[in-house]
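So you can see what is in the structure, the chains are spelled out below.
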Amino acid sequence: MGANVERALEHVNVPAYVIDRAGIVRWMNEAARWLVGDRIGRQFTSVVAPEDTRRAQELFARKILGNSEVTDASVTVIGLDGARVLAEISSVPLRRGEHVVGVFGLASAVVEEPEPHPELHLTPRQAEILRLLERGRSTDQIAEELQVCRATVRNHIRGLLRAVGASSRLQAVALVRGDGR
C-alpha cells in the first residue's frame, strides 16, 4: 500500500512500542509516552512493576528466541505519575528475514490495578491468583499467564478460598472488595 505505518501508529490512542533484541526501547508512540514517559533508549523493564519484571523478561525472551509468536499478558507498569497501572499487552516478534530483531507491542487495555490485600496474609502466589481473579481471569487464562498447569491453578484457588472464607471465586472477590461482608 505504500503507507507509512510508523507515522500512523504515532497518532493512535493505543500505547505502542518497539524493543530491540537487547531489551532496549527503540520507539514509542505518543500514547505510550503519555502512559509511562519517554523511555526510548532504556530497558523495557524500567516501566514494569518489580513483581512482574521476571515474567515480562521470560515472555520477552520467548519471543526473541522464536518460541512464541504472539503473547497476550497482563503486566503492571509504573505510570508517568508513579501510579501502578495494569496494561493488557499484546506483543509479537519483529523479524528481518528469518532472524528476530525485536518485539512490537500494544497495550490493548489500561486499567487501574486492584488494591493489594495484606490483611489477608495470603501466600505470594495466592495474592497473585486473587489479583487475576479480580481481573476476571478464568482458570485457563491464569494457567497460561503464570505458565503453570490448570491443576496447580485450581489448587491455589482452593487455598485462596479457604484463606478468605469463601465458597466461590466470585464470593472471594466480593469479600476482599468489601461487597460481600
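For clarity, every value in this text was computed on a predicted model and none was experimentally measured. (Residues numbered from 1 in each chain as written. Predicted model: local features only at pLDDT ≥ 70, side-chain atom pairs only at ≥ 80, totals over all residues. Heavy atoms only, no water.)

A word on the overall build of the chain. Assigned secondary structure in the chain consists of seven helices and five strands. Secondary structure of the chain in N-to-C order comes out as α-β-β-α-α-β-β-β-α-α-α-α. Dimensions of the chain, computed from C-alpha atoms along their principal axes, come out at roughly 60 × 35 × 30 Å. Considering only contacts in the chain between residues 6 or more positions apart, those separated by 24 or more positions represent 41%. When the accessible area of the chain is evaluated, it comes to approximately 10300 Å², of which 54% is carbon and sulfur surface. (Helix = DSSP H or I, 4+ residues; strand = E, 2+ residues; numbered from the N terminus. Contact = heavy atoms within 4.5 Å. Areas by Shrake-Rupley, 256 points an atom, 1.4 Å probe, with all protein chains shown as cover.)

Time to look at the packing of helix α5 (residues 139-146) against helix α6 (residues 150-164). As a packed pair, α5 and α6 sit with axes 9 Å apart at the nearest point and diverge in direction by 110 degrees. In terms of orientation, α5 and α6 fall into the roughly perpendicular class. Note on element contacts: α6 touches α5 through R150, V153, R154 and I157, opposite T139, D140, I142 and A143. (Axes fitted to C-alpha atoms, helices over the stretch in contact; angles between N-to-C directions. Parallel < 35°, antiparallel > 145°, perpendicular 65-115°, else oblique.)

Counting 21 residues, the largest nonpolar core has V36, F44, F60, V77 and I89 as its most contacted members. With residues near it in sequence (within four places) discarded, F60 still touches I19, D20, R21, G23, F44 and V103. Core analysis: the second largest hydrophobic core is formed by 19 residues, I129, A143, L161 and A172 among them. (Core = buried A, V, L, I, M, F, W, Y, C linked by side-chain atoms within 4.5 Å. Buried < 20%, exposed > 50% of the residue type's maximum accessible area, 1.4 Å probe, protein only.)

Bringing the side chain of R39 into the picture now. Turning to its location among the elements, R39 is positioned in the loop between α2 (30-36) and α3 (50-64). For the buried R39, no salt bridge is present, and the opposite-charge side chain at shortest range is D38, 7.4 Å distant. For R39, the side chain forms a polar contact with the main-chain oxygen of S46, separated by 3.0 Å. Here R39 is in contact with V25, M28, S46 and V47, once residues within four sequence places are set aside. (Lys, Arg positive; Asp, Glu negative; His and termini not counted. Salt bridge = Lys/Arg side-chain N within 4 Å of Asp/Glu carboxyl O. Polar contact = N/O pair within 3.5 Å; in protein donor to acceptor, adjacent residues only side chain to side chain.)

On to the packing of aromatic side chains. The full count for this structure, using the stated rule, is one aromatic pair. Pairing F44 with F60 gives two aromatic rings, centres 4.9 Å apart and planes at 40 degrees, and the pair type is tilted. Linking F44 in the loop between α2 and α3 with F60 in helix α3, this pair joins segments that are 16 residues apart in sequence. Taken individually, F44 and F60 each receive the classification buried, so the pair is uniform in this respect. (Phe/Tyr/Trp six-rings, centres within 6.5 Å; stacked < 30°, edge-to-face > 60°.)

Turning our attention to the pairing of strand β2 (residues 25-28). Strand direction decides the pairing type here: strand β1 (residues 16-20) and β2, joined by three bridges, are antiparallel. Within β2, the position partnered with Y17 by the bridge is M28. What sits between β1 and β2 in their antiparallel hairpin is a turn of four residues, with G23 showing a positive phi close to 90 degrees. (Pairing = 2+ DSSP bridges.)

On to empty space enclosed by the protein. Evaluated as defined, the whole model comprises one cavity of 30 Å³ or more. Estimated volume of the largest cavity: approximately 420 Å³. What lines the largest cavity is a set of 25 residues, and nearest its centre among them are Y17, I19, F44, V47 and I89. Only β1, β2, α2, α3, β3 (71-78), β4 (84-96) and β5 (99-112) provide two or more residues apiece to the lining of the largest cavity. Per-class residue counts for the lining of the largest cavity are 21 nonpolar, two polar and two charged. (1 Å grid on protein atoms, 1.4 Å probe; cavity = no way out; pocket = protein on both sides within 12 Å on 5 of 7 lines; lining within 4 Å. Points joined across faces, edges and corners; volume = space filled by probe spheres on them. Nonpolar A, V, L, I, M, F, W, Y, C, P; charged D, E, K, R; others polar.)

Here we come to the environment of I142. Note that I142 resides in helix α5. In this structure I142 comes out as buried when scored by relative accessible area, which is 0%. When the C-alpha positions of I142 and R162 are compared, they lie 19 Å apart, and in sequence the two are 20 residues distant. Those residues within four positions of I142 in sequence are excluded, and the remaining contacts are I129, L132, L133, R137 and V153.

A word on the side chain of D20. Within the secondary structure, D20 sits in strand β1. Excluding residues within four positions of it along the chain, D20 makes contact with R26, F60, V101 and G102.

Purely spatial values, then, with no claim about function.
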